[in-house]
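Observations on chain architecture
In case you want the letters, here they are:
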Amino acid sequence: MFNYEKFENDVLGQMEAVLDKWAEEKDDLYIFSLDCARGMESIGVIANTTHYLEEQAEPDSEDYGYYKYCEEEWELYHAFEAISTDMGKYLAENGSIFSGPETHVYSEAFDRHCEKIIGCCQNALARFRKVLNQNHSNLLLTFNIRGYLDGEERMEIFKKVNSGNAIQEYSRHLEEFE
């Protein structure tokens with residue numbers, strides 16, 4: 001049985017540890033994303049700095065919003081190796097339950113597991129926001145599952161963990177990178 005509560009707590013702890021490390025190294029972090037693989041086999045974080053963003057695009061350029069909000073274009077990445085190992089182990093133990101052996105199509109059991117993982121990730125992000133409000137209140141948060149979350153889902157999550165003008169700006173550029 002997968003321990004979803006432990007997973008959520010471990011993800012939160014890893015986000016805090018990585019942010020502390022990156023904040024010591026970079027003084028211009030503006031965005032931080034929890035990044036989960038579609039197959040639910042790995043998880044980590046991605047972040048970007050203002051300096052790196054400005055190297056990619058000028059603020060008044062047409063593609064600035066793309067580089068600002070597209071996780072695939074950001075500077076920093078860190079895999080949560082121990083958590084990912086646990087995720088992969090659980091998938092391996094349940095491989096025959098999670099997908100058809102010949103079709104390799106995800107089953108309803110996998111979809112339920114996926115939904116629980118996503119829920120834990122959203123909860124961890126909401127809890128992380130509360131921690132951030134003490135020292136990094138301006139840091140934007142996102143949640144990414146490449147090729148899985150649609151624009152509406154991404155926007156809903158973004159609204160839950162961010163506020164202000166960032167929500168409007170994010171929604172304007174969402175189509176550029178989803």
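The structure under discussion appears in the preceding block.
A few points on the structure. Since we're looking at a predicted model, the values are computed, not measured. (Residues numbered from 1 in each chain as written. Predicted model: local features only at pLDDT ≥ 70, side-chain atom pairs only at ≥ 80, totals over all residues. Heavy atoms only, no water.)

A few words on the nonpolar core. Membership of the largest hydrophobic core comes to 42 residues, with the highest contact counts inside it found for Phe 7, Met 15, Phe 32, Leu 34, Ile 43 and Phe 143. Contributions of two or more residues to this core are made by α1 (4-25), β1 (29-36), β2 (43-49), α4 (81-93), α6 (108-135), β4 (140-144) and α7 (151-161). Residue contacts for Met 15: discarding those within four places in its chain leaves Phe 32, Leu 34, Val 45, Phe 80, Ala 124, Leu 125 and Phe 128. Counting 16 residues, the second-largest nonpolar core is a separate cluster that includes Tyr 64, Tyr 69, Leu 140 and Met 155. (Core = buried A, V, L, I, M, F, W, Y, C linked by side-chain atoms within 4.5 Å. Buried < 20%, exposed > 50% of the residue type's maximum accessible area, 1.4 Å probe, protein only. Helix = DSSP H or I, 4+ residues; strand = E, 2+ residues; numbered from the N terminus. Contact = heavy atoms within 4.5 Å.)

The subject of this paragraph is α4. Its 13 residues give α4 an end-to-end C-alpha distance of 18 Å, which sits within 8% of 18 Å, the value for a rise of 1.5 Å per residue. Within the span of α4, buried status applies to Ile 83, Ser 84, Met 87, Tyr 90 and Leu 91. Seen from one end, α4 has its buried residues packed into an arc of 125°, which puts them on one side. Turned more than 90 degrees off the buried face of α4, the exposed positions are Glu 81, Ala 82, Thr 85, Lys 89, Ala 92 and Glu 93. Looking at the buried residues of α4, the elements they touch are α1, β1, β2, α5 (95-98) and α6. (Expected span 1.5 Å × (residues − 1). Arc of directions from axis to C-beta.)

With their axes 9 Å apart at the nearest point, α1 and α6 run at an angle of 40° to one another. Compared by their axis directions, α1 and α6 come out oblique. Read as a crossing pair, α1 and α6 show a hand that is right-handed. Residue-level inspection shows Tyr 4, Phe 7, Glu 8, Asn 9, Val 11, Leu 12, Met 15, Glu 16 and Leu 19 of α1 in contact with α6, the latter providing His 113, Lys 116, Ile 117, Cys 120, Cys 121, Asn 123, Ala 124, Leu 125, Arg 127, Phe 128, Val 131 and Leu 132. When the residues that make up the contact of α1 with α6 are grouped by side-chain class, the tally is 14 nonpolar, 3 polar and 4 charged. (Axes fitted to C-alpha atoms, helices over the stretch in contact; angles between N-to-C directions. Parallel < 35°, antiparallel > 145°, perpendicular 65-115°, else oblique. Left-handed = near helix turned anticlockwise from the far one by under 90°. Nonpolar A, V, L, I, M, F, W, Y, C, P; charged D, E, K, R; others polar.)

The next point concerns the pairing of β2. Burial within β2 is extensive, with 7 of its 7 residues counted as buried. The side-chain alternation of β2 yields two buried faces, one formed by Ile 43, Val 45, Ala 47 and Thr 49 and the other by Gly 44, Ile 46 and Asn 48. The pairing of β1 with β2 spans 7 bridges and is antiparallel. For Phe 32, the partnering residue across the bridge sits in β2 and is Ala 47. Alignment of β2 against strand β3 (residues 76-79), held across 4 bridges, turns out to be antiparallel. If you follow Val 45 over to β3, its bridge partner there is His 78. (Pairing = 2+ DSSP bridges.)

Overall, mixed pairing links the 4 strands, which are arranged β3-β2-β1-β4 in an open sheet. Strands with a single pairing partner mark the edges of an open sheet, and in this sheet they are β3 and β4. Taken over all neighbouring pairs, the strand axes of this sheet differ in orientation by 20° on average, direction set aside. Against the sheet, α1 touches β1, β2 and β3, its axis set at about 150° to β1.

Below, the discussion takes up the packing of aromatic side chains. In this structure the tally under the stated criterion is 12 aromatic pairs. Ring centres of Phe 32 and Phe 128 lie 5.2 Å apart, and the angle between their planes is 40°; this geometry places the pair in the tilted category. Highlighted residues: Phe 32 in strand β1 and Phe 128 in helix α6, separated in sequence by 96 residues. For Phe 32, a relative accessible area of 0% gives the class buried. (Phe/Tyr/Trp six-rings, centres within 6.5 Å; stacked < 30°, edge-to-face > 60°.)

The next point concerns unusual backbone geometry. Its identity is not glycine, yet Met 40 carries a phi of approximately 60°, on the positive side. Note that Met 40 resides in the loop between β1 and β2. Residue class for Met 40 comes out buried when judged on its relative accessible area of 0%.

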